[in-house]
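Breakdown of the fold
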Amino acid sequence: MNSYDIDGAKRNLSALVDFSNFINSSLDLKFILSNLLLTCFGKFHTTKGLVALVDEDNKLRVKAFKGFTQAMADEFPDALLCGECFTSKGLEAFCEKFHIAYSQNIVCSQGVKGAIFLGERLNKKEYSPDDKEFVGTLVNIAATAIENSTFVEKLKDLNRSLDSKVSMLSSLFELSKEFSGIFDPSRVGKLLVYSVIGQLLVSNYAVVLCSPEGLQVLEANFPKKLLETLKVCNANEVTSALRKSEFTEELLPLATLGVELIIPMQIQGETKGLILLGKRFNKEEFKESDIEFIYATGSLAIISIENAKLFKEALEKQRMEEDLEIARDIQKNLFPQKIPKLKSFEISAINVSSKQVGGDYYDVIKLAENDYLIAIGDVSGKGVPAALLMANLQAFLKSICRQGLELNKATDMINDLISENTAMGNFITFFWGVLNDETKSLTYVNAGHNPPLLVRNGEIRKLTKGGMILGVLKTVVPYISETVSLEAGDTLILFTDGVTEAMNKNMEEFTDEKLEHLAAGLKNETAGEILQKIRAEVETFVNGANQSDDITLLTVKVKP
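Here the structure is a predicted model, which means the values were calculated and not measured. (Residues numbered from 1 in each chain as written. Predicted model: local features only at pLDDT ≥ 70, side-chain atom pairs only at ≥ 80, totals over all residues. Heavy atoms only, no water.)

Considering all chains together, one arrives at 12 aromatic pairs under this definition. Centroid distance Phe430 to Trp432: 5.4 Å. Interplanar angle 50°. Geometry classified as tilted. Overall, Phe430 belongs to the buried group, its relative accessible area being 1%. Take Trp432: its relative accessible area is 1%, and that puts it in the buried class. Above the plane of the ring of Phe134 lies Lys43, whose end atom (NZ or CZ) is 5.0 Å from the centre. In this structure, Arg121 packs its charged tip against the face of Tyr127, placed 5.6 Å from the ring centre. (Phe/Tyr/Trp six-rings, centres within 6.5 Å; stacked < 30°, edge-to-face > 60°. Buried < 20%, exposed > 50% of the residue type's maximum accessible area, 1.4 Å probe, protein only. Lys NZ or Arg CZ within 6 Å of the ring centre and 35° of its normal.)

Here is the structure:
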């Protein structure tokens, strides 16, 4: 080797050392790539050059260029990395068009990182083997710096993403506290909109609630026809985030209104609402992190709305229960507070409602010195409507009792009053009678009620005389009455169908036959003992099954 070659080798080595120190002093990718090109330009006096690096999709992307215009660089073709080579039909044509004289892959510890492309030299000489070797050494030195730089960039991206996540979590934490304290859906909608707009700067928005009753727009500044479009599109069936490019043909009308993104608000996989967003003011696309934020915020909002709905329902239920409790107390006061004591009869009665208030009725009223009215009734239906109709019956009964009418004519009048004051389909089965404490007789009228049982010496007679049930229509055929003479030891059992139709867990009824068989065997018991035995027998039969109807019993025992 002559002195000239030695001097050249020393200069190359010195240049490489300086280059290595220089580019490794920075982690800025543009700085590294720019200096790589400048060093090549200074060494080889080339006219142009560019550096392309492999992206996450293994495609070459231009990252730095000199001697090229932007338009020229934009013509760089898509080239895919396959092993250690790049495949592209247009790469060779690009090199030929722009007079690329030499290219060299950039290889790091993880494989091919990219490539450098150098144009023709000013002196038109080709790149010698020594030149190519020098370029290879430069590229190898630069590869480490490029790898470090891209690693740091990824780390910075991760840190930025982490900072964004932390910021998002902090925002969501604050929002969760805000949402949890709001029980007004409209305020929840406003807070949701402000949160999303503040974070993402969207131009148009809408918050829509979905329920079996239909769609309800909570907040929106889209055109008014949005709601109708949503109904036509069945947008409440959206179960995952949809960008405009992912809209089905059915949802395309929403895109014409400016909707860019639809995100469902879900609870346990069921769509309870929708967030619809237009374009962002900065024209950027919605990123996955943006969608995650909207999802999380929407989840907080819809849970708050559902909680508000449940809270309102709980308040309504509590208010209703309080009203029913008041109604129950009022109804209790409508029943006799104390049953009169008669010299010839023992009387006991009980009422058990299947609900807080019921439609069964019984009464014992003193009419005259020796006359006492006993009555029992069963209003169709249950709950408050039945209780109100029962209260009307009692009011009519007490008013008519004072007029001294015969029992059958009084029944005609009660039926007419009930018919005039009840809705179609409501009716009352009713039985009433007058006990004479002196003659030990019973005059009664049965208006379609379960026939009371007259038990005498183990035999049963049913009291059926009367007429139709009350309230179906005004009296056409007058009611008839019957007078029955009672003897010592006789028992009268008045009851509603809640007794005979009481069901056990096998859906079997207690039946009239069981009641009659039980009644026939009760001979020496008092009126109170008879009532308690019947009640106990029914409770044993149903064995804890839910009571389906009100139970009312009234027993009369003729004293010896």
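More follows now that the structure is in view.
Turning our attention to the environment of Asn58. Tracing the backbone through its elements, the reader meets Asn58 in the loop between strand E1 (49–54) and strand E2 (60–66). C-alpha separation for the pair Asn58 and Val112, spaced 54 residues apart in sequence, amounts to 9.9 Å. For Asn58, the contacting residues outside a window of four places in its chain are Ala79, Leu80 and Leu81. (Helix = DSSP H or I, 4+ residues; strand = E, 2+ residues; numbered from the N terminus. Contact = heavy atoms within 4.5 Å.)

Pairing is antiparallel across the open sheet formed by 5 strands, whose spatial order is E8-E7-E11-E10-E9. Where the open sheet ends on each side, the last strands, each with one partner, are strand E8 (214–220) and strand E9 (242–243). Bridge count for strand E7 (residues 205–211) against strand E11 (residues 270–277) is 5 bridges, and the pairing is antiparallel. Along E11, the bridge assignment pairs Val207 with Ile275. (Pairing = 2+ DSSP bridges.)

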